[in-house]
Amino acid sequence: MGHTPDIGLPDGVVHGRRTIFDPDSRAERVPIAALRPADSPRLAGEDDEHIRVLADADAELPPVIVHRGTMRVIDGMHRLGAARLRGDAELAVRFFDGTVQEAFILAVRSNIAHGRPLSLRDRTLAAERIVNENPTWSDRAIAEAVGLGAGTVGGIRRRVEATNDTARQTVVRIGRDGRRRPLDSAEGRRRAAEVIRESPDASLREIARRSGVSPTTAQDVRKRMRRGEDPVPVRLPVDGAAPGPRKRTARRPAGRPGLEAALQGLQRDPALRFNESGRALVRWLITRAVRYEDWQAMSADIPSHCTYILAEVAGGFADEWRTIADDLHHRARRLA
């Protein structure tokens, strides 16, 4: 599937210039008997107690999202269950007109954005499915869709590629911004050079589109060719290493200075200071606080064979923290 990843779900789904789901679209009344169960990312299924709570409420149930092509519920199985429990004949529906694969991604994003958070297992299996069905999506695009870390998605991709030739043979990645980028930047530049030789009058956008590089890269390749240089920048050798294509260096993640102040505020909060469980919570947080500067000091002498293992461990910890954050956001919305 070659669609552009959309990171705005569930606020709207746009591919190219075609909007395939508008959350503010007019809802339609649809017979409940016509609706099919969801292709849900939630392994544990629906919460019967939550269904009973919804059924007992006097308020009208909000519209559910339904895939028009299959009539499967994308988001709203608890509401559907409540309507059936109340004996309703119809339910308000907003239709989604994308593909089955897009419907699944919308289901994942909808469940992450509200309601009971997906478990880590749910998110991991959702990522595996998206890698299989959308192998050109970048790790960060998939991570954004399923609520995992990009490093964790990278580990999932390696497992999938071990058994999926299609996933292993992709040569480009589609990022969160919708742009296509070659996995091998040098190969992308060589393809751009070939396009320029074949079509010397082609625009930069045309060169970029045909070779899978950015217009800026296409422009640089054209300038290099005009100067008689190799289209691939050469990295100068270091410590006797052979010269080769220039490689990207890792960038330090943006800091969040407010975290220190937040921890100090929790330490001073009377509601936490003056009871044992509150003090235990603060101690627990402080002992698990991780700072990038501390990591840099610890990671200088890591054996090369341990880097992938440590990346998996760090990604797993990040996903656990993301699940905790989602749970806390859900509690805050429920108490608001």
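Here is what the cut-offs are and how they apply
Residues numbered from 1 in each chain as written. Predicted model: local features only at pLDDT ≥ 70, side-chain atom pairs only at ≥ 80, totals over all residues. Heavy atoms only, no water. Helix = DSSP H or I, 4+ residues; strand = E, 2+ residues; numbered from the N terminus. Contact = heavy atoms within 4.5 Å. Areas by Shrake-Rupley, 256 points an atom, 1.4 Å probe, with all protein chains shown as cover. Axes fitted to C-alpha atoms, helices over the stretch in contact; angles between N-to-C directions. Parallel < 35°, antiparallel > 145°, perpendicular 65-115°, else oblique. Left-handed = near helix turned anticlockwise from the far one by under 90°. Pairing = 2+ DSSP bridges. Core = buried A, V, L, I, M, F, W, Y, C linked by side-chain atoms within 4.5 Å. Buried < 20%, exposed > 50% of the residue type's maximum accessible area, 1.4 Å probe, protein only. Salt bridge = Lys/Arg side-chain N within 4 Å of Asp/Glu carboxyl O. pLDDT = per-residue confidence, 0-100. Phe/Tyr/Trp six-rings, centres within 6.5 Å; stacked < 30°, edge-to-face > 60°. Lys NZ or Arg CZ within 6 Å of the ring centre and 35° of its normal. Nonpolar A, V, L, I, M, F, W, Y, C, P; charged D, E, K, R; others polar.

## Re the overall build of the protein
Thinking step 1. A count of helices and strands for the protein gives 15 helices and 10 strands.
Thinking step 2. Taking the contacts inside the protein whose residues are at least 6 apart along the sequence as the reference set, 65% of them involve residues at least 24 apart.
Thinking step 3. With an accessible surface of roughly 20,400 Å², the protein has 53% of that area assigned to carbon and sulfur atoms.

## Some words on the packing of helix 8 (residues 185–198) against helix 9 (residues 204–211)
Thinking step 1. The contact between helix 8 and helix 9 brings their axes to 9 Å, and the two run at 130°. Our classification of the angle between helix 8 and helix 9 gives oblique. The handedness of the crossing between helix 8 and helix 9 is right-handed. Judged by residue contacts, Gly188, Arg191, Ala192, Val195, Ile196 and Glu198 of helix 8 engage Ile207, Arg210 and Ser211 from helix 9.

## Brief notes about the sheet that holds strand 3 (residues 28–31)
Thinking step 1. On the basis of which strands lie adjacent, the open sheet formed by four strands has the order 3-6-4-5 and mixed pairing. Of all strands in the sheet, those bounded by a partner on one side alone are strand 3 and strand 5 (72–75). Between one strand axis and the next, the sheet turns by 55° as a mean value, whatever way the strands run.
Thinking step 2. Note: strand 3 against strand 6 (residues 90–96), four bridges, orientation antiparallel. Counterpart to Arg29 in the pairing with strand 6 is Ala92.
Thinking step 3. Contacts from helix 2 (residues 77–86) reach strand 4 (64–67), strand 5 and strand 6 within the one sheet, and its direction differs from that of strand 5 by about 125°.

## Quick notes on the nonpolar core
Thinking step 1. Core analysis: the largest hydrophobic core is formed by 19 residues, its most contacted members being Val108, Ala127, Ile130, Trp137, Ile142, Val146 and Leu148.
Thinking step 2. Ranked by the residues each element gives to this core, the list is headed by helix 5 (residues 139–146), at five residues.
Thinking step 3. Apart from the residues within four sequence positions on either side, Val146 is in contact with Val108, Ile112, Arg123, Ala126, Ala127 and Ile130.
Thinking step 4. The next biggest cluster of nonpolar side chains, apart from the first, holds 17 residues, and it includes Ile32, Val64, Met77 and Phe95.

## Some words on the pattern of salt bridges
Thinking step 1. In this structure the tally under the stated criterion is 18 salt bridges.
Thinking step 2. Residues Arg29 and Glu60 are paired through a salt bridge, measuring 3.4 Å at the closest nitrogen-oxygen approach. Taken together, the positions of Arg29 in strand 3 and Glu60 in the loop between helix 1 (48–56) and strand 4 put the pair 31 residues apart, joining distant regions of the chain.
Thinking step 3. Accessibility expressed as a relative area gives 47% for Arg29, which makes it partly exposed.

## Here's the deal with the confidence of the model for the protein
Thinking step 1. The predicted model of the protein averages 78 in pLDDT, with 79% of residues at 70 or higher.
Thinking step 2. Predicted confidence is poor over residues 247–255, with pLDDT under 50, and the contacts of this stretch with residues over four places away or in other chains come to four contacts.

## Digging into the pairing of strand 4
Thinking step 1. Burial along strand 4 is two-sided: Val64 and Val66 facing one way and Ile65 and His67 facing the other are all buried.
Thinking step 2. Inspection of the sheet shows strand 4 paired to strand 5 by three bridges, in the antiparallel sense. Across the sheet, Val66 pairs through a bridge with Val73, a residue of strand 5.
Thinking step 3. Remark: four residues form the turn of the hairpin made by strand 4 and strand 5, two consecutive strands paired antiparallel; Met71 in that turn has positive phi of roughly 65°.

## A closer look at the packing of aromatic side chains
Thinking step 1. In this structure the tally under the stated criterion is one aromatic pair.
Thinking step 2. Geometry around Phe104 places Arg129 over its ring, the cationic atom sitting 3.8 Å from the centre.

## What about the packing of helix 8 against helix 10 (residues 215–226)?
Thinking step 1. Two elements in contact, helix 8 and helix 10, have axes whose closest approach is 9 Å; the angle formed by their N-to-C orientations is 65°. Considering how the two elements wind past one another, helix 8 and helix 10 form a crossing that is right-handed. Between helix 8, through Arg189, Ala192, Ala193, Ile196 and Arg197, and helix 10, the contact on the second element is made entirely by Thr217, Ala218, Asp220, Val221, Arg222, Arg224 and Met225.
Thinking step 2. The residue makeup of the contact of helix 8 with helix 10, split by class, is six nonpolar, one polar and five charged.

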